[in-house]
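Structure assessment
Chain by chain, the residues run as shown.
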Amino acid sequence: KEYDNGHIPTAINSCLCDFEKCLKNLPKSKTYIIYCQTGYRSKKVFQFLKDNGYKNALNWGEITRWQYELEL
């Protein structure tokens, strides 16, 4: 539902319950921008990526904040 309410174009919606299995298959050389509705889940995923050698990960935190700032 959160994804349907607004997301970055070309974003991939990933299930948090199995994110470790999904993320370990992603190339470590690419850049990943992590966000969610409140910022809590994105923080967990971001930390996982950093702990597993993903050097180009950015945590944008909560989607509602940047959606609001884009509307200003």
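For the structure given in this document, a descriptive report is provided here. Being a predicted model, the structure only gives us computed values, none of them experimental.

1. Remarks on the packing of aromatic side chains
- Within the structure shown, the criterion is met by 1 aromatic pair.
- Between the aromatic rings of Tyr-32 and Tyr-54, the centroid separation amounts to 6.0 Å while the plane-to-plane angle is 75°, which identifies the pairing as edge-to-face. Taken together, the positions of Tyr-32 in strand β1 (residues 32–36) and Tyr-54 in the loop between α3 (40–51) and β2 (57–62) put the pair 22 residues apart, joining distant regions of the chain. Here the two residues Tyr-32 and Tyr-54 agree in accessibility, since each one is buried.
- A cation sits over an aromatic face here: Lys-28 above Tyr-54, 5.5 Å from the ring centre.

2. Brief notes about the pairing of β2
- Pairing analysis gives 5 bridges linking β1 to β2, with the strands arranged parallel. Paired with Ile-33 across the two strands is Leu-58, which belongs to β2.
- Note that the unit made of β1, α3 and β2 has a crossover that is right-handed.

3. A look at the layout of surface pockets
- Volume-wise, the largest pocket comes out at about 930 Å³.
- Together, 32 residues line the largest pocket, and Ile-12, Asn-13, Ser-14, Ile-33 and Tyr-35 are the ones closest to its centre.
- Among the secondary structure elements, those contributing two or more residues to the lining of the largest pocket are α1 (2–5), α2 (19–23), β1 and α3.
- Looking at the lining of the largest pocket element by element, the count peaks at 5 residues for β1.

4. Some thoughts on the nonpolar core
- Within the largest apolar cluster, 9 residues are counted, these being Phe-19, Leu-23, Tyr-32, Ile-34, Val-45, Phe-48, Leu-49, Tyr-54 and Ala-57.
- At the level of secondary structure, the elements contributing two or more residues to this core comprise α2, β1 and α3.
- When residues of this core are assigned to their parent elements, the largest contribution, 3 residues, is made by α3.
- Not counting the four nearest positions on each side in its chain, Phe-19 is found in contact with Ser-14, Lys-44, Val-45 and Phe-48.

5. Considering the side chain of Ser-42
- Locating Ser-42 in the fold gives a position in helix α3.
- In terms of polar contacts, Ser-42 uses its side chain to reach the side chain of Asn-59, at 2.9 Å.
- Discounting residues that sit within four places of it in the chain, Ser-42 has contacts with Ile-34, Tyr-35, Cys-36, Asn-59 and Gly-61.

Analysis parameters
Residues numbered from 1 in each chain as written. Predicted model: local features only at pLDDT ≥ 70, side-chain atom pairs only at ≥ 80, totals over all residues. Heavy atoms only, no water. Phe/Tyr/Trp six-rings, centres within 6.5 Å; stacked < 30°, edge-to-face > 60°. Helix = DSSP H or I, 4+ residues; strand = E, 2+ residues; numbered from the N terminus. Buried < 20%, exposed > 50% of the residue type's maximum accessible area, 1.4 Å probe, protein only. Lys NZ or Arg CZ within 6 Å of the ring centre and 35° of its normal. Pairing = 2+ DSSP bridges. Right-handed = clockwise from strand over helix to strand, strands pointing away. 1 Å grid on protein atoms, 1.4 Å probe; cavity = no way out; pocket = protein on both sides within 12 Å on 5 of 7 lines; lining within 4 Å. Points joined across faces, edges and corners; volume = space filled by probe spheres on them. Core = buried A, V, L, I, M, F, W, Y, C linked by side-chain atoms within 4.5 Å. Contact = heavy atoms within 4.5 Å. Polar contact = N/O pair within 3.5 Å; in protein donor to acceptor, adjacent residues only side chain to side chain.

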